Amino acid sequence: QVQLVESGGGLVQAGDSLRLSCAASGRTFGRYAMGWFRQAPGKEREFVAGISGGGITTAYEDSVKGRFTISRDNAKNTIYLHMNSLKPDDTAVYYCAGSSIMLVSRTRGGYAYWGQGTQVTVSS
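In short, a report on the structure. Computed from a predicted model, the values in this text were never measured in an experiment.

**A short note on unusual backbone geometry**
Alright, step 1. Phi at Asn77 is positive, roughly 55 degrees, even though this residue is not glycine.
Alright, step 2. Positive phi outside glycine occurs at Ser85, with the angle close to 50 degrees.
Alright, step 3. Structurally, the position occupied by Ser85 is in the loop between strand E8 (78–83) and strand E9 (92–98).

This is the structure:
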């Protein structure tokens, strides 16, 4: 059974940093794309960042470019989301997602596996 377990969320102030982690088990994701999505109250789940199989390419939603960095450690079957200069608008539940293809997808349909989410709250 494939499991994606997120950790690292919390309550921070605007301008602070956080690092989210997503540990995968039941499947080796090293060859496949993985991503981070987020869902704020009353809004749809949106793409935040993605990394291709092998970590060769990355993609980001425009509002997080330059502030967030996605990375992966294939030896640990884990991906990370380093979030700097956090803003109140970044408040959401953040979900880790795993794909069955190598290339990054910006859509939910491109990912077959999902974690339960971790809450990030940024106060002003």
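There's more to say after this.
**Some details on the nonpolar core**
Alright, step 1. Core analysis: the largest hydrophobic core is formed by 26 residues, its most contacted members being Met34, Trp36, Val48, Phe68, Leu81, Met83 and Tyr94.
Alright, step 2. Secondary-structure elements contributing two or more residues to this core are strand E3 (18–25), strand E4 (34–39), strand E5 (46–51), strand E7 (68–73), E8, E9 and strand E11 (118–123).
Alright, step 3. Here this core gets 4 residues from one element, more than from any other, and that element is E3.
Alright, step 4. The contact partners of Phe68, leaving out residues within four places of it in the chain, are Arg38, Val48, Tyr60, Leu81, His82, Met83, Asn84, Leu86, Asp90 and Tyr94.
Alright, step 5. Counting 5 residues, the second-largest nonpolar core is a separate cluster that includes Phe37, Phe47, Ala59 and Tyr111.

**Remarks on the packing of aromatic side chains**
The description of an aromatic ring pair rests on the distance of the ring centres and on the angle between the ring planes.
Alright, step 1. Tallied over the full model, the rule gives 5 aromatic pairs.
Alright, step 2. Between Phe37 and Trp114, the ring centres sit 5.0 Å apart and the planes meet at 65 degrees, which makes this aromatic pair edge-to-face. With a gap of 77 residues between them, Phe37 in strand E4 and Trp114 in strand E10 (residues 113–114) connect regions that are remote in the sequence.
Alright, step 3. Using a relative accessible area of 26% as the deciding quantity, one classes Trp114 as partly exposed.
Alright, step 4. Ring centres of Tyr111 and Trp114 lie 6.3 Å apart, and the angle between their planes is 65 degrees; this geometry places the pair in the edge-to-face category.
Alright, step 5. Note on Tyr111: relative accessible area 6%, which makes it buried.
Alright, step 6. Taken together through their ring pairs, the aromatic side chains of Phe37, Phe47, Tyr111 and Trp114 make up a single cluster.
Alright, step 7. The ring of Tyr95 carries Arg45 above its face, with NZ or CZ at 3.6 Å from the centroid.

Conventions and cut-offs
Residues numbered from 1 in each chain as written. Predicted model: local features only at pLDDT ≥ 70, side-chain atom pairs only at ≥ 80, totals over all residues. Heavy atoms only, no water. Helix = DSSP H or I, 4+ residues; strand = E, 2+ residues; numbered from the N terminus. Core = buried A, V, L, I, M, F, W, Y, C linked by side-chain atoms within 4.5 Å. Buried < 20%, exposed > 50% of the residue type's maximum accessible area, 1.4 Å probe, protein only. Contact = heavy atoms within 4.5 Å. Phe/Tyr/Trp six-rings, centres within 6.5 Å; stacked < 30°, edge-to-face > 60°. Lys NZ or Arg CZ within 6 Å of the ring centre and 35° of its normal.

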